[in-house]
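Single-letter residue listing:
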Amino acid sequence: MIYSDYTTIVCVYNADYVKGLLERLRDGVVTGDGGYVMALEKRGFVKAGNWTPEAVIEHPEAVKQLHREFLLAGSDVLQTFTFFSTDDMLDIKNGQKFSCSQLNDNACRLAHEVAAEGDALVAGGITHSQAYLQGKGKAEVQAVARAQLAALMKNKVDFLIVEYYNIIEEIEWAIEEARKCGLPVAASMCIGKEGDVTGVSPGDCAVRMARAGADVVGVNCLFDPIMTIDAIRLMKEALDAQGLRPFLMTQPNGFFSTGTDRYGYLSCPEYPLALESRTVTRFDVHKYARAAYDLGVRYIGGCCGFEPYHVRAIAEELAEERGKLPASSAKHEPWGAGIWNSKYQFISARANREHWENLVPATGRPGPASSHFKELQ
């Protein structure tokens, strides 16, 4: 499909869809979904290191099930599992086992099928490629973006998410290309309060994303909820100072990123296979969701490490603002209320918000792990 084709396609079906995301954001809060690559890696369907989405072809039911769990947890958006689905990235990572077009077609189909089970929008996601880092220039970077976008447009996604970029110039070029599709564009960078890897501040990044044409601006992945709130606050201050009013979005990762550098949790020695002790709890997510909402963020979700129960915490914390509880809350009472009938009194005594809101979870490691395993050697 040539480039001019997908701009024609959007003219045919976009009239009803262009209002979907933006209307929801104007009316209230939109709950995003969570992370796919790490969740599916843990389940045995994605290869760590590659992080490419062959599972949409090899194990479609696994991807659909994760979509479904996010939907039941309260996600208003299901993002296509198209992370790193560019031909150059696929060639580097796996010898071009499947094409970008094949993966994107399947990813869109799966997301649409599950979204139809509820009232969810389908977001087509595009990510960076190797072209920018290889110095191939704007034309080539945008050509790679076009290849991703063509498949998404053919499969009639509701809006676009341009995400996981850590260099402002590259995401500007991607936003410009996405704008040509005629759909709402959300843009998020994987940066913390230090800014992008070239030293551009979060505020300047936000202003440049908005001026490039993004309807929604924010941050995703790499940093935990606390650090993400710090970054979006700086973005909001800069946007306000320039009189720019895009909607704001946050999709942090689900691991505390204490002691990291510009690359966030990627620089943790535990990344990517031993991060469990850094996992945020559902109660941490309650606090994150409230802090984000109070700051003015209206698209609130998660990224790597955010499981469905984390998304449910967002939806439950903002149930009044959303006007509803998620479907999976039928099996879950917030703040531990459901354990009141435990046969153990010391457990039923925890059936209250004060216990869980003030809890400082133990890591389960009173000393270096090696000291506990020496006796087994």
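What counts, and at which threshold
- Residues numbered from 1 in each chain as written.
- Predicted model: local features only at pLDDT ≥ 70, side-chain atom pairs only at ≥ 80, totals over all residues.
- Heavy atoms only, no water.
- Helix = DSSP H or I, 4+ residues; strand = E, 2+ residues; numbered from the N terminus.
- Buried < 20%, exposed > 50% of the residue type's maximum accessible area, 1.4 Å probe, protein only.
- Phe/Tyr/Trp six-rings, centres within 6.5 Å; stacked < 30°, edge-to-face > 60°.
- Lys NZ or Arg CZ within 6 Å of the ring centre and 35° of its normal.
- Core = buried A, V, L, I, M, F, W, Y, C linked by side-chain atoms within 4.5 Å.
- Contact = heavy atoms within 4.5 Å.
- Axes fitted to C-alpha atoms, helices over the stretch in contact; angles between N-to-C directions.
- Parallel < 35°, antiparallel > 145°, perpendicular 65-115°, else oblique.
- Left-handed = near helix turned anticlockwise from the far one by under 90°.
- Nonpolar A, V, L, I, M, F, W, Y, C, P; charged D, E, K, R; others polar.
- Pairing = 2+ DSSP bridges.
- Expected span 1.5 Å × (residues − 1).
- Polar contact = N/O pair within 3.5 Å; in protein donor to acceptor, adjacent residues only side chain to side chain.

A.B. asks: Explain the overall build of the chain here, please?
C.D. replies: A count of helices and strands for the chain gives 17 helices and 8 strands. For the chain, the residues scored as buried account for 53% of the 377 residues in total.

A.B. asks: Explain the packing of aromatic side chains here, please?
C.D. replies: For any pair of aromatic rings, the description rests on two quantities: the centre-to-centre distance and the angle between the ring planes. Tallied over the full model, the rule gives 12 aromatic pairs. Here Phe83 and Tyr164 contribute two aromatic rings whose centre-to-centre distance is 5.2 Å and whose plane-to-plane angle is 75 degrees, an arrangement assigned as edge-to-face. In this pair, Phe83 is assigned in the loop between strand 2 (77–79) and helix 5 (87–94) and Tyr164 in strand 4 (residues 159–165), connecting sequence segments 81 residues apart. Note on accessibility: Phe83 and Tyr164 belong to one class, buried. Three or more aromatic residues joined by ring pairs form one cluster here, namely Tyr36, Phe70 and Phe81. Here the basic side chain of Arg298 rests over the ring of Tyr293, its NZ or CZ set 3.7 Å away from the ring centre.

A.B. asks: Explain the nonpolar core here, please?
C.D. replies: One recurring pattern in soluble globular proteins: nonpolar side chains tend to sit buried together. Grouped together as the largest cluster of nonpolar side chains are 95 residues, with contacts concentrated most on Phe81, Leu160, Ile171, Met209, Tyr265 and Ile300. Per element, the largest residue contribution to this core is 8 residues, and it comes from helix 6 (residues 100–115). Look past the residues within four positions of Leu160 in its chain and what remains in contact with it is Gly124, Leu149, Leu152, Ala178, Cys181, Leu183, Pro184, Val185 and Ala186. Listed in part, the 13 residues of the second largest apolar core include Val30, Ile161, Ala186 and Tyr299.

A.B. asks: For this particular structure, what's the right way to read the packing of helix 8 (residues 137–154) against helix 9 (residues 168–179)?
C.D. replies: Any two packed helices are characterised by the angle at which their axes cross and by the distance between the axes. Here helix 8 crosses helix 9 at 50 degrees, and the two axes come no closer than 9 Å. It follows that helix 8 is oblique to helix 9 by the angle criterion. Judged by the twist between their axes, the crossing of helix 8 over helix 9 is right-handed. Contacts between helix 8 and helix 9 involve Gly137, Lys138, Val141, Gln142, Ala145, Arg146 and Leu149 from the former and Glu170, Trp173, Glu176, Glu177 and Ala178 from the latter. For the contact of helix 8 with helix 9, a count of residues per class yields 5 nonpolar, 2 polar and 5 charged.

A.B. asks: Looking at this model, I keep getting lost on the sheet that holds strand 5 (residues 185–189). Mind explaining?
C.D. replies: Pairing between the strands of a sheet comes from backbone hydrogen bonds, and it takes one of two forms, parallel or antiparallel. One open sheet holds the 8 strands; their spatial order is 1-8-7-6-5-4-3-2, and the pairing between them is parallel. Of all the strands in the sheet, just strand 1 (30–31) and strand 2 have a single pairing partner and so form its edges. For strand 7 (residues 247–251) and strand 8 (residues 299–300), the ladder comprises 2 bridges, and the chain directions are parallel. Each residue of the ladder has a partner; that of Thr250, found in strand 8, is Ile300. Against the sheet, helix 9 touches strand 3 (121–126), strand 4 and strand 5, its axis set at about 170 degrees to strand 5.

A.B. asks: What is the right way to read helix 13 (residues 308–317) from this model?
C.D. replies: Because the α-helix completes a turn every 3.6 residues, residues three or four places apart line up on one side. Burial within helix 13 is extensive, with 9 of its 10 residues counted as buried. On the buried face of helix 13, the contacting elements are strand 1, helix 4 (60–73), helix 12 (282–295), strand 8 and helix 14 (319–322).

A.B. asks: I tried to follow unusual backbone geometry on my own but got confused; where do I start?
C.D. replies: A negative phi angle is the norm for most residues apart from glycine, just as the trans form is the norm for most peptide bonds. Here Tyr271 and Pro272 are connected by a cis peptide whose omega angle stands at -5 degrees. Looking at where Pro272 falls in the secondary structure, it is placed in the loop between strand 7 and helix 12. Non-glycine residue Tyr164 carries a positive phi angle of around 65 degrees. For Tyr164, a relative accessible area of 13% corresponds to the buried category. The phi torsion at Leu222 lies on the positive side, around 65 degrees, for a residue other than glycine. One can find Leu222 in the loop between strand 6 (216–220) and helix 11 (225–241).

A.B. asks: Would you explain helix 12 in this entry?
C.D. replies: In this model helix 12 runs 20 Å from its N-terminal to its C-terminal C-alpha over 14 residues, within 8% of the 20 Å that 1.5 Å per residue would give. Within helix 12, the full set of buried residues consists of Phe283, Val285, His286, Tyr288, Ala289, Ala292, Tyr293 and Leu295. Elements that come into contact with the buried residues of helix 12 comprise helix 11, strand 7, strand 8, helix 13, helix 14 and helix 16 (353–358). Taking the backbone nitrogen of Phe283 as reference, a side-chain oxygen 3.2 Å away marks Thr281 as the first, capping residue of helix 12. Backbone geometry just downstream of helix 12 places Gly296 in the positive-phi region, at approximately 110 degrees.

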